[in-house]
Amino acid sequence: MRKRIILISLAVIICIGVWLAVDSRSTGFRNQVAVLTYHHVDTVESEYTISPERLRDHLEALKANQFNVITTEQFVAFLKDGKPVPPNAVVITFDDGYESYYRYAYPELKKQGMPATNFLIVKSVGDRSAETPFMTWDEVKQMAKDGFDFYSHTYDAHGFGVDAKGKQLSPLTHPNWSDALGRMETEEEYSSRVLNDLTQAETILRQQLGNKLSILCLPHGRYTQSLIDIGNKAGIHYYYTGDYGLNNPGDVLVKRVTAGVPTLTGQGLVDKINKQTTMLGKAENVVKNIVLQIRYRYF
């Protein structure tokens, strides 16, 4: 009897292993969209910085493996109205508005015939004195004429604040310590501050670029329901989060796939996107997203 149980257990384990192996080779998806996240492009790579050569490798791999890069406008039509997108649809996004996007990414994306979206820290636009310089409005407007999109990464709430004990906090997801007041913000003061920041960013983007759609890329991917409620008051339509996975019609909280890391080859990016469609990849994403929600709420 014991031997029989062992044999049955081994058979089950083998079957699961074979299923996962086959499932992990899943390729292609329909009626879903993968949103890729990049930050900085430079000749010296680091944690969230990739070289121009690596970016080129990524874009060429997407093209060679029949991924179809779509615009944010197409993506929103898919989310809002369920309008069809091509198979293996991908949106390319960059965070922060660094000058390297104009210098390195923009020419390569144009060469490949691929649209992209950049999320601007609006107050920092034109700041060339920063450790990592930012694009100017003239550069942004030049790219906008070529069909590249630009949306909000907040006006000036990308960094971190602190609580009364000096513990680091997101200025968007929690009341922060106020030096001016000499105390922690109340919930009302927190809501007012965040609403003013988001509204100011949207106003400037409309003035500079004529934006009609309001999209917020959440700094560090962090969000709470309170923040979403405030964003809705500011007229935000969609929120790009740090959550893992692919996107479906009706989604408002956009999931993303981290692409801009120096350990990822072009083929590695292809494999990473394809893994999102497998049972193993989906299970991993569920666990990681639960961990993220705990982190956003309590840390």
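Residues numbered from 1 in each chain as written. Predicted model: local features only at pLDDT ≥ 70, side-chain atom pairs only at ≥ 80, totals over all residues. Heavy atoms only, no water.

Draft legend 1. Quick peek at the overall build of the chain. Looking only at helices and strands, the chain has 9 helices and 14 strands in total. The globule rule puts the C-alpha radius of gyration for 299 residues at 19 Å, and the 21 Å found for the chain is close to it. Dimensions of the chain, computed from C-alpha atoms along their principal axes, come out at roughly 75 × 50 × 40 Å. When burial is assessed residue by residue, the chain has 48% of its 299 residues classed as buried. Sequence separation of 24 or more characterises 63% of the internal contacts of the chain that already satisfy a separation of 6 or more. A gap of 8 Å separates the mean positions of the 33 positive and 33 negative side-chain charges of the chain. (Helix = DSSP H or I, 4+ residues; strand = E, 2+ residues; numbered from the N terminus. Rg over C-alpha atoms; globule rule 2.2 N^0.38 Å. Buried < 20%, exposed > 50% of the residue type's maximum accessible area, 1.4 Å probe, protein only. Contact = heavy atoms within 4.5 Å. Lys, Arg positive; Asp, Glu negative; His and termini not counted. Charge placed at Lys NZ, Arg CZ, Asp CG, Glu CD.)

Draft legend 2. Examining the confidence of the model for the chain more closely. Residues with a pLDDT of 70 or more make up 91% of the chain, whose mean pLDDT is 92. Taken as a whole, residues 1-24 scores under 50 in pLDDT and shows 6 contacts with residues more than four places along the chain or in a different chain. (pLDDT = per-residue confidence, 0-100.)

Draft legend 3. Seen up close, the packing of aromatic side chains. Tallied over the full model, the rule gives 10 aromatic pairs. Between Tyr106 and Phe148 the ring centres are 5.3 Å apart and the planes differ by 85 degrees, which places this aromatic pair in the edge-to-face class. With Tyr106 in helix H4 (residues 99-112) and Phe148 in the loop between helix H5 (137-145) and strand S7 (149-152), this residue pair connects regions lying 42 residues apart in the sequence. According to the relative accessible area criterion, Tyr106 is buried, its value standing at 5%. Through a chain of ring-to-ring contacts, the aromatic side chains of Tyr38, Phe94, Tyr101 and Phe150 assemble into a single cluster. (Phe/Tyr/Trp six-rings, centres within 6.5 Å; stacked < 30°, edge-to-face > 60°.)

Draft legend 4. A look at a nonpolar patch on the surface. On the surface, Val286, Ile290, Ile294, Tyr298 and Phe299 cluster together to form a nonpolar patch covering roughly 530 Å² of accessible area. Relative to the assigned elements, Ile294 resides in helix H9 (residues 279-298). (Patch = residues over 30% accessible without salt bridge, like charges linked within 9 Å, V, L, I, M, F, W, Y side chains within 5 Å. Areas by Shrake-Rupley, 256 points an atom, 1.4 Å probe, with all protein chains shown as cover. Salt bridge = Lys/Arg side-chain N within 4 Å of Asp/Glu carboxyl O.)

Draft legend 5. Inspection of unusual backbone geometry at higher detail. For Gln66, which is not glycine, the phi dihedral falls at a positive 60 degrees. Looking at the element boundaries, Gln66 is found in the loop between helix H2 (52-64) and strand S4 (68-69). Residue Gln66 is classed as exposed on the basis of its relative accessible area of 55%. Phi angles above zero are rare outside glycine, and Asp96 is one such case at about 100 degrees. Mapped onto the elements, Asp96 comes out in strand S5 (residues 89-96).

Draft legend 6. The arrangement of the packing of H2 against H4 in detail. Between H2 and H4, whose axes approach to 10 Å, the crossing angle comes to 25 degrees. When the axis of H2 is compared with that of H4, the two are roughly parallel. The handedness of the crossing between H2 and H4 comes out as right-handed. Counting all contacts with H2, which are made through Pro52, Leu55, Arg56, Leu59, Glu60 and Lys63, the residues of H4 involved are Tyr104, Ala105, Glu108, Leu109 and Gln112. Split into classes, the residues belonging to the contact of H2 with H4 amount to 6 nonpolar, 1 polar and 4 charged. (Axes fitted to C-alpha atoms, helices over the stretch in contact; angles between N-to-C directions. Parallel < 35°, antiparallel > 145°, perpendicular 65-115°, else oblique. Left-handed = near helix turned anticlockwise from the far one by under 90°. Nonpolar A, V, L, I, M, F, W, Y, C, P; charged D, E, K, R; others polar.)

Draft legend 7. Spatial organisation of the pairing of strand S14 (residues 253-258). In this structure, strand S1 (residues 33-38) lies alongside S14, joined through 2 bridges in parallel fashion. Bridged to Leu36 within S14 is Val257. Direction of pairing for strand S13 (residues 238-244) relative to S14: parallel, over a ladder of 3 bridges. Paired with Tyr239 across the bridge in S14 is Leu253. (Pairing = 2+ DSSP bridges.)

Draft legend 8. Representation of the pattern of salt bridges within the structure. What the rule picks out here adds up to 11 salt bridges. Linking Glu189 and Arg183 is a salt bridge whose minimum nitrogen-to-oxygen distance equals 2.9 Å.

Draft legend 9. Spatial organisation of the environment of Lys80. Looking at where Lys80 falls in the secondary structure, it is placed in helix H3 (residues 72-81). Between the alpha carbons of Lys80 and Pro249 there is a distance of 6.6 Å; along the sequence they are 169 residues apart.

Draft legend 10. Geometry of helix H8 (residues 266-275). All buried positions along H8 are accounted for by Gly266, Leu269, Val270, Ile273 and Asn274. Angular distribution of buried residues about the axis of H8 spans 130 degrees; they occupy a single face of the element. (Arc of directions from axis to C-beta.)

Draft legend 11. View of the nonpolar core. Counting residues in each nonpolar core, the largest one holds 42 residues, and the members touching the most others are Leu36, Tyr38, Leu62, Ile92, Phe94, Tyr101 and Leu109. Mapped onto this core, the elements with two or more residues apiece are S1, H2, S5, H4, H5, helix H6 (187-209) and H8. In contact with Tyr101, not counting residues within four places along its chain, are Phe94, Tyr106, Pro107, Leu109, Ala116, Thr117, Asn118, Met135, Met143, Phe148 and Phe150. Membership of the second largest hydrophobic core comes to 18 residues, among which are Val35, Ile70, Ala89 and Tyr240. (Core = buried A, V, L, I, M, F, W, Y, C linked by side-chain atoms within 4.5 Å.)

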